[in-house]
Amino acid sequence: MTWRWEYNPDEDNVVTGAPLAFVAQVEKKAGEIVRAAAALYLDGFTYQGAGERMKTADVGDGIFWYMIVPRDERVYILRVQCL
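Residues numbered from 1 in each chain as written. Predicted model: local features only at pLDDT ≥ 70, side-chain atom pairs only at ≥ 80, totals over all residues. Heavy atoms only, no water.

Colleague: Give me the side chain of Glu73: which residues, what numbers.
Modeller: Mapped onto the elements, Glu73 comes out in the loop between strand S3 (62-69) and strand S4 (74-82). Buried Glu73, no salt bridge; nearest opposite-charge side chain is Arg74, N-O distance 5.7 Å. Here Thr2 takes part through its backbone nitrogen, which lies 3.4 Å from a polar atom of the side chain of Glu73. (Helix = DSSP H or I, 4+ residues; strand = E, 2+ residues; numbered from the N terminus. Buried < 20%, exposed > 50% of the residue type's maximum accessible area, 1.4 Å probe, protein only. Lys, Arg positive; Asp, Glu negative; His and termini not counted. Salt bridge = Lys/Arg side-chain N within 4 Å of Asp/Glu carboxyl O. Polar contact = N/O pair within 3.5 Å; in protein donor to acceptor, adjacent residues only side chain to side chain.)

Colleague: How would you sum up the nonpolar core? Please name residues and give values.
Modeller: The biggest cluster of nonpolar side chains holds 21 residues, and the ones touching the most others in it are Phe64, Ile68, Val75, Ile77 and Val80. Sorting the residues of this core by element identifies helix H1 (11-15), helix H2 (20-40), strand S2 (55-59), S3 and S4 as the ones contributing at least two each. (Core = buried A, V, L, I, M, F, W, Y, C linked by side-chain atoms within 4.5 Å.)

Colleague: Can you tell me about the packing of aromatic side chains, naming the residues and giving the values?
Modeller: Counted under the stated rule, the structure contains four aromatic pairs. Look at Trp5 and Tyr7: their rings are 5.1 Å apart centre to centre, the planes differ by 85°, and that puts the pair in the edge-to-face class. Taken together, a centroid distance of 4.9 Å and an interplanar angle of 75° make the contact between Tyr41 and Tyr47 edge-to-face. Here a set of aromatic residues connected by ring pairs shows up, and it is made of Trp3, Tyr41 and Tyr47. (Phe/Tyr/Trp six-rings, centres within 6.5 Å; stacked < 30°, edge-to-face > 60°.)

As structure tokens, this is what we get:
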């Protein structure tokens, strides 16, 4: 398995109506978070610890909420808010 990010439950429910420039900022930051998570959880698939709580990340025009799930080797973007 390989680390990546995805929208949860899906892209339509998370980013519909958000400006494309903002969505691009969110996706760029999500890529950075994925790289950090992959370095922190070297073999996330076998991770046995407690899961992480939901976190937020600021981007130029707003904020988004995400969750890192090591066993799935995923960063799930749960909600975005463009200011």
